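Architecture and fold: a report
Chain residues, written in single-letter form:
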Amino acid sequence: MEPYLAIFFLTPFFQSCCAWSVNNFLMTGPKAYLIYSSSVAAGAQSGIEECKFQFAWDRWNCPERALQLSSHGGLRSANRETAFVHAISSAGVMYTLTRNCSLGDFDNCGCDDSRNGQLGGQGWLWGGCSDNVGFGEAISKQFVDALETGQDARAAMNLHNNEAGRKAVKGTMKRTCKCHGVSGSCTTQTCWLQLPEFREVGTYLKERYHKALKVDLLQGAGNSAASRGAIAETFSSISKKELVHLEDSPDYCLENKTLGLLGTEGRECLKRGKALSKWEKRSCRRLCGDCGLAVEERRAEMVSSCNCKFHWCCAVRCEQCRKRVTKYFCVRKEKRERSGGGGASRKLKRKL
Ligand SMILES: *[C@@H]1O[C@H](CO)[C@@H](O)[C@H](O)[C@H]1NC(C)=O
Ligand SMILES: *[C@@H]1O[C@H](CO)[C@@H](O)[C@H](O)[C@H]1NC(C)=O
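Quick caveat, the model's predicted, so the values are computed rather than measured.

1. Here's the deal with the environment of Q118
Mapping Q118 onto the fold places it in the loop between α3 (80–102) and β3 (119–121). Its relative accessible area of 41% is what places Q118 among the partly exposed residues. Sequence separation between Q118 and T190 is 72 residues; the distance between their C-alpha atoms is 9.7 Å. Residue contacts for Q118: discarding those within four places in its chain leaves L125 and W126.

Below, the structure written as structure tokens:
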């Protein structure tokens, strides 16, 4: 098989909801792989969107700079966040390929019925159409793992986390069953495995991210056979489900141009209202307060259509409703004091 190249191009979309898009996935090489490239690109994209969702209220919020999976050029970080990006990307690619397969998008793949007819557990047999994760896994591996060309600890870490992402897709699959027997007595059942919502994979990987393991392999790690052996041995002793990192994360509160970090100044955070999770409720403290920033309250009026009525025939007329919204942002302390007194649309708060 010819080697092939796969390159992500991340292009900003102005004013779009999701800011970044993997809009190109170029490859040369075996024709067979061309069949999958649009699916792989769509999968990488959904991984990125999930990353942005999962980290929306974290200091590190999955910025575009972090989304460079390839190892060419630039400084490559090897921290917890890098681990998450790799896992969610390879999971996204595997997920999309699997879903494509189930939808009949590929000629060479269909349901996984390899276990059909076998006893699965007490009172149930494998049957029906299981999502073919084996297929998604294999193709995802070919594409995403090919981006790692090195043999150092960083490459080993990335490959491990790619694998953890794929394990997450497998591990969150759901068993669905159908009853059989006279008048639905359910004396026997047949069951198959289905993909969960991708959100579930993201949430699972976020939990793994919090528990990521740090391995100490960077010092004195040359490229000798001995050190390659040590790397392989270390990684083979860690469960494939775990996310692994080599470095500590930098301080995401602070702007650091060298590392391409923006810091949390100017970020929005959430306080009350809606049904906020504990994590979201603490976002102002995490993003502003604990980073030495103040919280600024900004009020704005939003105009939207409401009380729409249908008029015979055939028009819908709506009223314009005005709604006050309050948003919170992290601002530098001196800045906030200087602008004290504020404009009409801005009310400043004394304390967090
Ligand atoms: C696979 O699914 C994705 C997203 O649902 C879609 O964008 C892509 O075109 C599909 N690929 C094929 C080959 O049908
Ligand atoms: C940016 O991060 C690098 C690497 O951690 C560090 O050496 C440097 O001092 C940081 N720069 C600033 C301005 O914080």
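2. A word on unusual backbone geometry
Across the junction of C313 and C314, the peptide omega takes the value 25°, indicating a cis bond. Mapping C314 onto the fold places it in the loop between β12 (294–311) and β13 (315–331). One non-glycine residue, C186, lies in the positive phi region at around 60°. With respect to the helices and strands, C186 occurs in the loop between β5 (174–180) and β6 (188–194).

3. Points about the packing of α3 against helix α5 (residues 153–171)
At a minimum axis distance of 7 Å, the contact between α3 and α5 shows a crossing angle of 50°. Classified by the angle their axes make, α3 and α5 are oblique. Helix-helix and strand crossings are classified by hand; for α3 and α5 the assignment is right-handed. Of the residues in α5, those touching α3 at T82, A83, H86, A87, S90, A91, M94 and Y95 are M157, N158, N161, N162, G165, R166, V169 and K170. Residues of the contact of α3 with α5, tallied by class, amount to 7 nonpolar, 7 polar and 2 charged.

4. Quick notes on a nonpolar patch on the surface
Together, F310, W312 and V316 make up an exposed nonpolar region whose accessible area comes to about 450 Å². Among the residues examined, W312 registers a relative accessible area of 79% and is labelled exposed.

5. Let's talk about the environment of D290
Counting through the fold element by element, D290 comes out in the loop between α9 (283–287) and β12. Expressed as a C-alpha distance, the spacing of D290 and C253, which sit 37 residues apart in the sequence, is 8.4 Å. With residues near it in sequence (within four places) discarded, D290 still touches R59, C253 and R285.

6. Some thoughts on the packing of aromatic side chains
In this structure the tally under the stated criterion is 9 aromatic pairs. For the ring pair Y36 and F106, a centre distance of 5.0 Å and an interplane angle of 80° mean the geometry is edge-to-face. Note that Y36 is positioned in the loop between α1 (31–34) and α2 (37–54) and F106 in the loop between α3 and β3, a separation of 70 residues in sequence. As far as the burial class goes, Y36 and F106 line up, both buried.

7. Brief notes about α2
Helical geometry: 3.6 residues make up each α-helical turn, so side chains three or four residues apart lie on a common side. Compared with the 26 Å implied by 1.5 Å per residue over 18 residues, the 26 Å span of α2 between its first and last C-alpha is a close match. Taken together, the buried positions of α2 are occupied by S37, S39, V40, A41, G43, A44, Q45, G47, I48, E50, C51 and Q54.

8. Quick notes on the site of ligand 1
S38, S39, A42, T96, N100, D105 and F106 make up every residue found near ligand 1. A distance of 3.1 Å is found between an oxygen atom of ligand 1 and a side-chain nitrogen or oxygen belonging to D105. Contact with the protein chains covers 52% of the free accessible surface of ligand 1, which is 360 Å². Contributing elements (two or more residues each) for the shell around ligand 1: α2 and α3. Broken down by element, the residue count for the shell around ligand 1 peaks at 3 residues, all from α2. Class assignment for the residues of the shell around ligand 1 results in 2 nonpolar, 4 polar and 1 charged.

About the thresholds
- Residues numbered from 1 in each chain as written.
- Chains lettered and ligands numbered in written order.
- Predicted model: local features only at pLDDT ≥ 70, side-chain atom pairs only at ≥ 80, totals over all residues.
- Heavy atoms only, no water.
- Helix = DSSP H or I, 4+ residues; strand = E, 2+ residues; numbered from the N terminus.
- Buried < 20%, exposed > 50% of the residue type's maximum accessible area, 1.4 Å probe, protein only.
- Contact = heavy atoms within 4.5 Å.
- Axes fitted to C-alpha atoms, helices over the stretch in contact; angles between N-to-C directions.
- Parallel < 35°, antiparallel > 145°, perpendicular 65-115°, else oblique.
- Left-handed = near helix turned anticlockwise from the far one by under 90°.
- Nonpolar A, V, L, I, M, F, W, Y, C, P; charged D, E, K, R; others polar.
- Patch = residues over 30% accessible without salt bridge, like charges linked within 9 Å, V, L, I, M, F, W, Y side chains within 5 Å.
- Areas by Shrake-Rupley, 256 points an atom, 1.4 Å probe, with all protein chains shown as cover.
- Salt bridge = Lys/Arg side-chain N within 4 Å of Asp/Glu carboxyl O.
- Phe/Tyr/Trp six-rings, centres within 6.5 Å; stacked < 30°, edge-to-face > 60°.
- Expected span 1.5 Å × (residues − 1).
- Near = heavy atom within 4 Å.
- Polar contact = N/O pair within 3.5 Å; in protein donor to acceptor, adjacent residues only side chain to side chain.

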